[in-house]
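# Coordinates in review
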Amino acid sequence: GRDVRVTGHFRVRRVLSGVAVAVVIAAYCVARYGDAVGTFFFFDDFWLMRDARDVARGGGWPFIEVFRLNHNGFLLYRPLTGVGYYYVLRQLFGVDASPYHAAQVLHFAFNACLVAAIVRTLTASWGWALAGGLVYAAAPGHTLAAYHIAVSVMNGPTTVVFLILLWWLRAPERGRAPGAAALQVVALGCGEHAIVTPLLLAWLTPFGPVRASLAARARPLLPVAAVTALYVLAKLTYFLCYGGPSGGYVLASDPTVRLRNLGRFAVVTGNLSAPRITNPTTNAAIGIALGATLPILIVLARRRGGAWTLAAVGLGLFVTGLLPLLVLADHFYGYHIGIAALGMVLAGIGVCRTLPRGGGVLAATVLATMLVVDRATCDRAGRDDYDVKLMVRAQRRGRELLRDLDQTARSVPAGTAILVPRSRLADSVIKFGGANRVFFDP
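Residues numbered from 1 in each chain as written. Predicted model: local features only at pLDDT ≥ 70, side-chain atom pairs only at ≥ 80, totals over all residues. Heavy atoms only, no water.

### Description of the overall build of the protein chain
- Per the secondary structure count, the protein chain includes 22 helices and zero strands.
- Rg of the C-alpha trace for the protein chain: 23 Å, near the compact-globule value of 22 Å for 442 residues, within the 12% margin.
- Taken over the C-alpha atoms alone, the protein chain extends approximately 80 × 60 × 50 Å along its principal axes.
- By the burial criterion, 49% of the 442 residues in the protein chain qualify as buried.
- Looking at the protein chain as shown, the accessible area adds up to about 21700 Å², and 63% of this sits on carbon and sulfur atoms.
- Charged side chains in the protein chain number 43 positive and 22 negative. The centres of these two groups are separated by 12 Å. (Helix = DSSP H or I, 4+ residues; strand = E, 2+ residues; numbered from the N terminus. Rg over C-alpha atoms; globule rule 2.2 N^0.38 Å. Buried < 20%, exposed > 50% of the residue type's maximum accessible area, 1.4 Å probe, protein only. Areas by Shrake-Rupley, 256 points an atom, 1.4 Å probe, with all protein chains shown as cover. Lys, Arg positive; Asp, Glu negative; His and termini not counted. Charge placed at Lys NZ, Arg CZ, Asp CG, Glu CD.)

Structural data, given as structure tokens:
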């Protein structure tokens, strides 16, 4: 009876600690990104809302309709986080932008809490979990992910991939592989970013049974790998039939592009851009340094184990999570760190834990520095990004355009045709986005 009471008390403390960590992380995300609730919709939001409206007003089953190909075809097939996500939001909130943005911020906060849960699983420390979740949430590359609703196409796969990693680390051995495979189906339905999942799980094999052979550790990966292979085969077949990627999705053959992109993603994972000292040369240097550090950490992990293993696995996860993106020369967005930023968090924690003394103090200092720099510079690293500035301007002008259209429609007799002058904004909001059908009675 005594053992049961002690165990129950321990479980209560563990639950309360987890709740406290989640509350702090959520509060930070709301404090930093909560002003998104006062903003409007932006470019991609309009055509996704148009497709969600068509699903809602169509005669078919919504669950089936959301899986139909849209104008992107199978190239960017994201039925669950694209049309499906907007369909649910439309059914709940209509066309009011505020709750859409509130849901987006809370979704991002949930991903940061999942990072904390993964860190807690690997370190058995709620202190490290809190630090990891806050560092993840503070990464300036996430700014667009918290403010732009359409970046659900990155937040969604990130959520499911994190759930897969957490399941892999904590689930019973018998259910680990089938559960991960089932979640991978959902992840791929959220977006193509999840194709790296089998490789991410492979990095976690050092945390499995110590005495298991390599074959025994690789065997559970086969169901997840099979699901991913089928998806990749379908994608390649589609490219052969309808043509390969074009525009910003063309693969770059120059290896320097990959190193430069790796450095750029590392910069937006921390706030190195706040002091404005980065440029293409320093980005490439950072990429080279990371590429050279990874094999060194792997050797140290094999020889010394312990925290060095966490550091090596973390950096491996960071590089692996970015593999589909490093080869794109003209398609860089900071929010693409959604999955990979977990790896940088783990790598930093691993390095701190290798220190004989003061590792926790160092981690706290780094976190405090990030938060102080963000505060002192008015979040320069995140909000000075070109795409974030474009989003703020376009949201404001889009709201003004629809407000003027609404006032014009109210001031003329019913049935009067209204001509909207052509512009890039009008093309995005009305001609392509169909906002005149989504926000108004046709």
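That shown, we press on.
### Focus on helix H8 (residues 152-170)
- The end-to-end C-alpha separation of H8 is 26 Å, in line with the 27 Å expected for 19 residues at 1.5 Å each.
- Within H8, 15 of the 19 residues are buried, leaving the element largely enclosed by the surrounding structure. (Expected span 1.5 Å × (residues − 1).)

### Focus on the packing of H8 against helix H9 (residues 173-190)
- One way to put it is that H8 packs onto H9 with a least axis distance of 9 Å and a crossing angle of 175°. Of the possible angle classes, the one that applies to H8 and H9 is roughly antiparallel. Taken together, the residues of H9 that come into contact with H8 (itself represented by Val153, Gly156, Pro157, Val160, Val161, Leu163, Ile164, Trp167 and Trp168) are Gly175, Arg176, Ala177, Gly179, Ala180, Leu183, Gln184, Val186, Ala187 and Cys190.
- When grouped by side-chain class, the residues that make up the contact of H8 with H9 number 14 nonpolar, four polar and one charged. (Axes fitted to C-alpha atoms, helices over the stretch in contact; angles between N-to-C directions. Parallel < 35°, antiparallel > 145°, perpendicular 65-115°, else oblique. Contact = heavy atoms within 4.5 Å. Nonpolar A, V, L, I, M, F, W, Y, C, P; charged D, E, K, R; others polar.)

### Details of a nonpolar patch on the surface
- A cluster of nonpolar side chains, Trp61, Phe63, Ile64 and Phe67, forms an exposed patch at the surface whose accessible area comes to about 510 Å².
- By the element assignment, Ile64 lies in helix H3 (residues 62-65).
- Its relative accessible area of 48% is what places Ile64 among the partly exposed residues. (Patch = residues over 30% accessible without salt bridge, like charges linked within 9 Å, V, L, I, M, F, W, Y side chains within 5 Å. Salt bridge = Lys/Arg side-chain N within 4 Å of Asp/Glu carboxyl O.)

### Comments concerning the packing of aromatic side chains
- Tallied over the entire structure, the rule returns 23 aromatic pairs.
- Ring geometry for Tyr136 versus Phe162: centroids 5.9 Å apart, planes at 70°, classification edge-to-face. Within this pair, whereas Tyr136 is found in helix H6 (residues 126-138), its partner Phe162 is found in helix H8, the two being separated by 26 residues in sequence. Each member of the pair, Tyr136 as well as Phe162, is classed as buried.
- Looking at Lys235, its charged tip hangs above the ring of Phe74, at a distance of 4.6 Å from the centre. (Phe/Tyr/Trp six-rings, centres within 6.5 Å; stacked < 30°, edge-to-face > 60°. Lys NZ or Arg CZ within 6 Å of the ring centre and 35° of its normal.)

### Quick look at the nonpolar core
- Tyr86, Leu165, Phe265 and Phe318 are the most contacted members of the largest nonpolar core, which has 123 residues in total.
- Residue contributions to this core peak at 14 residues, all from helix H5 (residues 97-123).
- Residues in contact with Tyr86, not counting those within four places in the same chain, are Asp45, Leu48, Met49, Ala52, Tyr100, Ile149, Ala150 and Ser152. (Core = buried A, V, L, I, M, F, W, Y, C linked by side-chain atoms within 4.5 Å.)

### Regarding empty space enclosed by the protein
- Counting across every chain of the model gives one cavity of 30 Å³ or more.
- For the largest cavity, the calculated volume is near 40 Å³.
- With three residues, the top contributor of residues to the lining of the largest cavity is helix H17 (residues 340-354).
- Here the lining of the largest cavity is built from residues that sort into seven nonpolar, one polar and no charged. (1 Å grid on protein atoms, 1.4 Å probe; cavity = no way out; pocket = protein on both sides within 12 Å on 5 of 7 lines; lining within 4 Å. Points joined across faces, edges and corners; volume = space filled by probe spheres on them.)

### Some words on the pattern of salt bridges
- Tallied over the full model, the rule gives eleven salt bridges.
- For Asp379, the salt bridge is made with Arg383, and the minimal N-O distance between the two is 3.3 Å.
- A salt bridge links Arg410 to Asp406, with the nearest nitrogen and oxygen atoms 3.0 Å apart. In this pair, Arg410 and Asp406 are both assigned in helix H20 (residues 386-411), four residues apart and thus about one turn of the helix distant.
- A relative accessible area of 24% places Asp406 in the partly exposed class.

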